[in-house]
Amino acid sequence: MVSKGVVRWILIGFLSVLMTVAMPAALHSWSGITNPSATVAAEPPQTFLREGLVYYEAEQFQAAIEQWQQAIQGFATQGDRPAQALTLGYLSLAYQQLGDLTQAAQSLEQSLALLESGDVTLEAPAQAAIYAKVLNAQGKLHWLQGEVEAALAVWQTAEQTYRAAEDTAGAAIAQINQAQALQHLGLQSQAQTLLQQVYQHLLLLPDTELKVAGLRHLSSVLRQTGDLEMAQSLLQESLSLDVQPASQSLVLLELGNTEWAIAKRLIAIGQESEAQERLQAAQQAYQRAIALDAVLPAQLNLIRLFVETGNESAAIAAVPDAQRAIDAMRISRMTAYANIHLAASLLQLRESGQTVTSDTPFHHLSWSLASSVPSIPLALTNESILAPGAIAERLAMAYQQAQTLQDKRAEAYALGQLGYLYEQTQQWTAAQSLTQQALLALETIEAPELQYLWEWQLGRLKQQQADQPGAVQAYEAAVNSLQKVRDDLLSVNADIQFSFRDRVEPVYRQYIELLLAAAPATPPSSQRLEQAIQTVDRLQLAELENYLGCTLSQVKLVDRVEAPDTAILYPIVLSDRVVIITQLPGTSAVLSYHETQVPQATLAATLTSLQTNLAIPGRTPEVIEAAQKVYNWLLRPVEAELAQASVQTLVFVLDGTLRNIPLSVLHDGNQYLIEKGYAVAIAPRLQLFTPGMTRSNLRAMIGGVGIPQELQGIRFSPIAKLQEELAGISQYVDSGPPLIDESFTLANIRQQLQTGEFSAIHWKTHGVFSSDPEGTYVLAFGERISVQDLNDLILLGSRSGIQPLELLVLSACETAQGDERAVLGLAGLAARTGTRSVLSTLWVAQDTPNTEFMIRFYEALSQPETSLAESVRQAQLALINEYGYTTPHIWSNYLLIGNWL
């Protein structure tokens, strides 16, 4: 599996190599035209250029830079501006690989100045091809600098220039780059269109190695952008072609990566048995790849797969072959990273399989890592693969290789992993020294994706040494680095999307816990409370981006909301307690703090029990028992403050598994929360959910499917009362003609949303929301409306986002069972489309009471002074008091997310 430290470089490396393929022919085609009399004299700089390419493809980037610098001088002496410009473009790519973005930018600036000076004839295909290659490199630089829209614009120009040069392969590369940028910006439909164009082009190629390579690289991009099924399909197609074993082995490697990514997605949504089948398929793909061509990445990935699935003996058995393969290679970035990745797998095995204490006997390594890094003792009491000394030697080898290559990123990675080894052996001082050396190595390059890891590690180490201020400072730095890189970590790579809770979420959570740590009987300071809720906000934003697979960088966190009669509560789950930070109305400058001692496992078990029993009719006693416990943990400590402030609405910024519980059901022993007079809403604190609503002209697009259907092997039961519900709500809200049953199709919905100006959508149809976008859909007649289609429809209904949709009501949907983050699907839908409020059922609703609830909700909402949250409450109370549905399974099945006013 690709490491955290090189995630953002996967595409860069692949496209950079492709960019160089046609270079020698291009040199011959323009060097004579530019300066016919200088052909013989041009040989030396051409030689340097070719040597640089050899070093670059061997991942010896500093050596490539040295060759290309000499080539540039030679071409400048000859006056060969095209050759000089092209070489400067390659030089920029090498600097990009090393993380020296300043030098990369300077090289590109010089290259573009030469090409745009007028001395180069860009109309000539060969010279236009050079310009396109340089533009491609410029786009990559913008990408690495986080300037995604600028990168997209440059890649669009590059595509046009490649086409002018009659270079269809280059145009395809530029299209793939654009697709990455569009995906990053949340424009999935446009990204898919571009990738489909690339695929259609590949289909026209003969069944050659080039076609297989193209399909494999396209599959890799699809995997990284989350289209896992399509990626798998293309790889299977590639395996059917008659190609060399080496090419087939690379396809199998990518197939293993894709199967593993699918397994992670299935695990994230609670489908363990299906995930095991995919893990087995991944293992088989890696083993087939190794049997065909002994591909080192397949060996390393197989070891990591064995480690993560708990097969320790198989992992250890596979290590010697990988070690021999690494040691047989010449020094390159690949060998340095291979050593690091192998060591990382062994470190994970040590962490999961045994506890190493600080009283283990030690002696010094036989040589020092570097003059600036102290020689630190490690245990060498046995020669097993998992011995700390053996792992340290492997990491030290990687460090030496990185130094030889002058590769600061690889140096930092090796030092940081070595620091982690010392952290495992509880040698805090030594671990801190190495971690600080790793951070020092990053000072001259841009690598926030590594920096946050070692700042996080430094924070843990300082905490172990009781350096509380130092730990807070290190954690704060880690969170700030995550802010810089979160777009790459959370949205560009689907593998990380489903590893979010392992790789990213703990940084935020541990920082919050550190901020809220205080002396006994002494609450945290106001400053610490502010920092804690800001970090909760950042975590919620990161989770939403992770779910959506795109950036929400344009969204700003809102300032403190001061709504009348409204309290905003932050329940924060820590390892041994639940913290409640409360903002009361009229007290914006003061945050109150309460905590309840409860082990995290106890809280999780209670919430799971409550969620399970709520979804089953007849479990009211069990529901009340669990609901009382949660009330005592969350609200009992603050009920006096709420009463004194005359609070009527409770807005929860919920953390973790608390999101899956309808908090209206919490019980104080006598009454449910809504019976105590509190309206309830859930609101991620984003600008998209800033309170306020214009309901005077609320106009709803209404529809749904009530007849039974069967799609993709799943039977969907009939929904009664569909027409009654739509007719009932039409009494209280202006609406277009309803689309019912056979007329409720994607095409008809799209047409009605295009022609009508709607501020609300109300659909009564089956649907599922999941933390996996692929498992999120709403049912139309004879088809599913995918999450992407749903996003597009809502944006269409809001006039392409010009006028945000005020309200989306999904009257018969449910959240996926076993999926702890399913509610993110609802919040993510609102965040992506700008919808201000979403009201949905949490589990399959009973038709009659659901219809009665919806009609009463709109009746209450039609009153100008009644808020959304209060309208939900009044409809729920009507079910309890007027219709006799006292079981919480029926009346608590509603969640309001977003604006509550």
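This structure is a prediction, so every number in the text was calculated from the model and none was measured. (Residues numbered from 1 in each chain as written. Predicted model: local features only at pLDDT ≥ 70, side-chain atom pairs only at ≥ 80, totals over all residues. Heavy atoms only, no water.)

### Overview of the overall build of the protein chain
Thinking step 1. When you go through the protein chain residue by residue, the secondary structure sums to 36 helices and 18 strands.
Thinking step 2. The buried share of the protein chain, taken over its 901 residues, is 60%.
Thinking step 3. Taking the contacts inside the protein chain whose residues are at least 6 apart along the sequence as the reference set, 71% of them involve residues at least 24 apart.
Thinking step 4. Accessible area of the protein chain: about 33400 Å², with a carbon and sulfur share of 50%. (Helix = DSSP H or I, 4+ residues; strand = E, 2+ residues; numbered from the N terminus. Buried < 20%, exposed > 50% of the residue type's maximum accessible area, 1.4 Å probe, protein only. Contact = heavy atoms within 4.5 Å. Areas by Shrake-Rupley, 256 points an atom, 1.4 Å probe, with all protein chains shown as cover.)

### Topic: the packing of aromatic side chains
Thinking step 1. Under the counting rule described, the total for this entry stands at 14 aromatic pairs.
Thinking step 2. Relative to Trp155, the ring of Trp143 has its centre 6.0 Å away and its plane inclined at 45 degrees; by these criteria the two rings are tilted. Note that Trp143 is positioned in helix α7 (residues 125-144) and Trp155 in helix α8 (residues 148-164), a separation of twelve residues in sequence.
Thinking step 3. Residue class for Trp143 comes out buried when judged on its relative accessible area of 6%.
Thinking step 4. Look at Phe744 and Trp763: their rings are 5.4 Å apart centre to centre, the planes differ by 85 degrees, and that puts the pair in the edge-to-face class. Here Phe744, found in the loop between β12 (739-740) and α31 (746-755), pairs with Trp763, found in strand β13 (residues 760-769); they are 19 residues apart in sequence, far enough to count as distant. Grouping residues by exposure puts Phe744 and Trp763 together as buried.
Thinking step 5. Lys264 extends its terminal NZ or CZ atom over the ring of Trp260, reaching a point 5.1 Å from the ring centre.
Thinking step 6. Here the basic side chain of Arg784 rests over the ring of Tyr777, its NZ or CZ set 3.8 Å away from the ring centre. (Phe/Tyr/Trp six-rings, centres within 6.5 Å; stacked < 30°, edge-to-face > 60°. Lys NZ or Arg CZ within 6 Å of the ring centre and 35° of its normal.)

### Details of the nonpolar core
One recurring pattern in soluble globular proteins: nonpolar side chains tend to sit buried together.
Thinking step 1. In terms of nonpolar packing, the biggest core is built from 272 residues, with Leu516, Ile581, Leu635, Leu650, Trp763 and Phe857 touching the most fellow members.
Thinking step 2. No other element matches the ten residues that helix α5 (residues 81-98) contributes to this core.
Thinking step 3. Look past the residues within four positions of Leu650 in its chain and what remains in contact with it is Ala567, Leu569, Leu635, Leu642, Leu673, Tyr678, Ala679, Val680 and Ala681.
Thinking step 4. Core analysis: the next-biggest nonpolar cluster, separate from the first, contains five residues, Leu711, Val768, Tyr777 and Leu779 among them. (Core = buried A, V, L, I, M, F, W, Y, C linked by side-chain atoms within 4.5 Å.)

### A look at unusual backbone geometry
Thinking step 1. If you check the backbone angles, Ala466 has positive phi at about 60 degrees while not being a glycine.
Thinking step 2. Of note, the phi angle at Asp741 is positive, near 55 degrees, even though the residue is not glycine.
Thinking step 3. Examined against the element boundaries, Asp741 turns out to sit in the loop between β12 and α31.

### Description of the pairing of strand β4 (residues 577-583)
Thinking step 1. When you tally the buried positions in β4, you get seven out of seven residues, the bulk of the element.
Thinking step 2. The alternating pattern of β4 places Arg577, Val579, Ile581 and Gln583 on one face and Val578, Ile580 and Thr582 on the opposite face, and all of these are buried.
Thinking step 3. Sheet topology places strand β3 (residues 566-573) next to β4; six bridges connect them, and they run antiparallel. Paired with Tyr570 across the strands is Ile581, a residue of β4.
Thinking step 4. If you look at the hairpin formed by β3 and β4, you'll find three residues sitting between the two strands.
Thinking step 5. The pairing of β4 with strand β5 (residues 592-597) spans six bridges and is classified as antiparallel. Bridged to Thr582 within β5 is Ser592. (Pairing = 2+ DSSP bridges.)

### What about the pattern of salt bridges?
Thinking step 1. Throughout the structure, instances matching the rule amount to 23 salt bridges.
Thinking step 2. Among the salt bridges present, the one from Arg460 reaches Glu423, with a minimum N-O distance of 2.8 Å. Here Arg460 is found in helix α21 (residues 448-464), whereas its partner Glu423 is found in helix α19 (residues 408-424), with 37 residues between them in sequence. The same class applies to Arg460 as to Glu423, namely buried.
Thinking step 3. Arg836 is the salt-bridge partner of Glu806, the closest N and O atoms lying 3.8 Å from each other. A residue pair is termed long-range when its members are at least 10 positions apart, and Glu806 in the loop between α32 (787-797) and β16 (807-815) and Arg836 in the loop between α33 (823-833) and β17 (837-841) qualify at 30 residues.
Thinking step 4. Here Glu806 falls in the buried class, since its relative accessible area comes to 4%.
Thinking step 5. Residue classification places Arg836 among the partly exposed residues on the basis of a relative accessible area of 21%.
Thinking step 6. Residues joined by salt bridges that share partners form a network here, namely Asp576, Arg577 and Glu595. (Salt bridge = Lys/Arg side-chain N within 4 Å of Asp/Glu carboxyl O.)

### So, the confidence of the model for the protein chain
Thinking step 1. Here the protein chain averages 82 in pLDDT, and 84% of its residues register 70 or above.
Thinking step 2. Confidence drops under pLDDT 50 across residues 355-383; counting only partners more than four residues distant or on other chains, this segment forms 63 contacts.
Thinking step 3. With pLDDT under 50 throughout, residues 489-498 is counted as low confidence; its partners more than four residues away or in other chains account for 43 contacts. (pLDDT = per-residue confidence, 0-100.)

### Observations regarding α5
Thinking step 1. Taking 1.5 Å as the rise per residue, α5 with 18 residues should run 26 Å; its terminal C-alpha atoms sit 26 Å apart, in good agreement.
Thinking step 2. Gly99, located one to two residues past α5, shows a positive phi value of around 85 degrees. (Expected span 1.5 Å × (residues − 1).)

### Brief notes about the environment of Pro637
Thinking step 1. Here Pro637 lies in the loop between α28 (620-634) and α29 (639-644).
Thinking step 2. Given a relative accessible area of 26%, Pro637 falls into the partly exposed group.
Thinking step 3. For Pro637, the contacting residues outside a window of four places in its chain are His594, Thr596 and Asn632.

### Overview of helix α34 (residues 847-861)
Thinking step 1. The terminal C-alpha atoms of α34, which comprises 15 residues, lie 21 Å apart, in line with the 21 Å expected from a rise of 1.5 Å per residue.
Thinking step 2. For α34, the complete set of buried residues consists of Pro849, Asn850, Thr851, Glu852, Phe853, Met854, Phe857, Tyr858, Ala860 and Leu861.

### Comments concerning the pairing of strand β15 (residues 783-786)
Thinking step 1. Note: strand β14 (residues 777-780) against β15, four bridges, orientation antiparallel. From the neighbouring strand, Val778 faces β15, where its bridge partner is Ile785.
Thinking step 2. The turn joining β14 and β15, which pair antiparallel and follow one another in sequence, is formed by two residues; a positive phi near 75 degrees is taken by Gly782.

### Thoughts on the packing of α7 against helix α9 (residues 168-184)
Thinking step 1. Across the interface, α7 lies against α9 with an axial gap of 11 Å and an inter-helix angle of 20 degrees. Comparing the axis directions of α7 and α9 gives the class roughly parallel. α9 is crossed by α7, and the crossing has left-handed handedness. Listed contacts from α9 to Asn136, Lys140 and Trp143 of α7 are Ile173, Ala174, Asn177, Gln180, Ala181 and His184.
Thinking step 2. In the contact of α7 with α9, the residues fall into four nonpolar, four polar and one charged. (Axes fitted to C-alpha atoms, helices over the stretch in contact; angles between N-to-C directions. Parallel < 35°, antiparallel > 145°, perpendicular 65-115°, else oblique. Left-handed = near helix turned anticlockwise from the far one by under 90°. Nonpolar A, V, L, I, M, F, W, Y, C, P; charged D, E, K, R; others polar.)

### Some thoughts on the packing of helix α30 (residues 722-729) against α34
Geometry of a packed helix pair, given as the angle between the helix axes and the separation of the axes.
Thinking step 1. Between α30 and α34, the least distance of the axes is 9 Å, while the angle of their chain directions is 10 degrees. By the criterion of interaxial angle, the relationship of α30 to α34 is roughly parallel. Every residue of α34 that contacts α30 at Glu724, Glu725, Gly728 and Ile729 is listed here: Asn850, Thr851, Met854, Ile855 and Tyr858.
Thinking step 2. Split by residue class, the contact of α30 with α34 holds four nonpolar, three polar and two charged.

### Quick look at the environment of Ala294
Thinking step 1. Inspection of the secondary structure assignment puts Ala294 in the loop between α14 (272-293) and α15 (296-308).
Thinking step 2. On the accessibility criterion, Ala294 (45% relative accessible area) is partly exposed.
Thinking step 3. Sequence-wise, Ala294 and Ala246 are 48 residues apart; in three dimensions their C-alpha atoms are separated by 9.0 Å.
Thinking step 4. Apart from residues lying up to four places away in sequence, Ala294 is in contact with Ala289 and Gln299.

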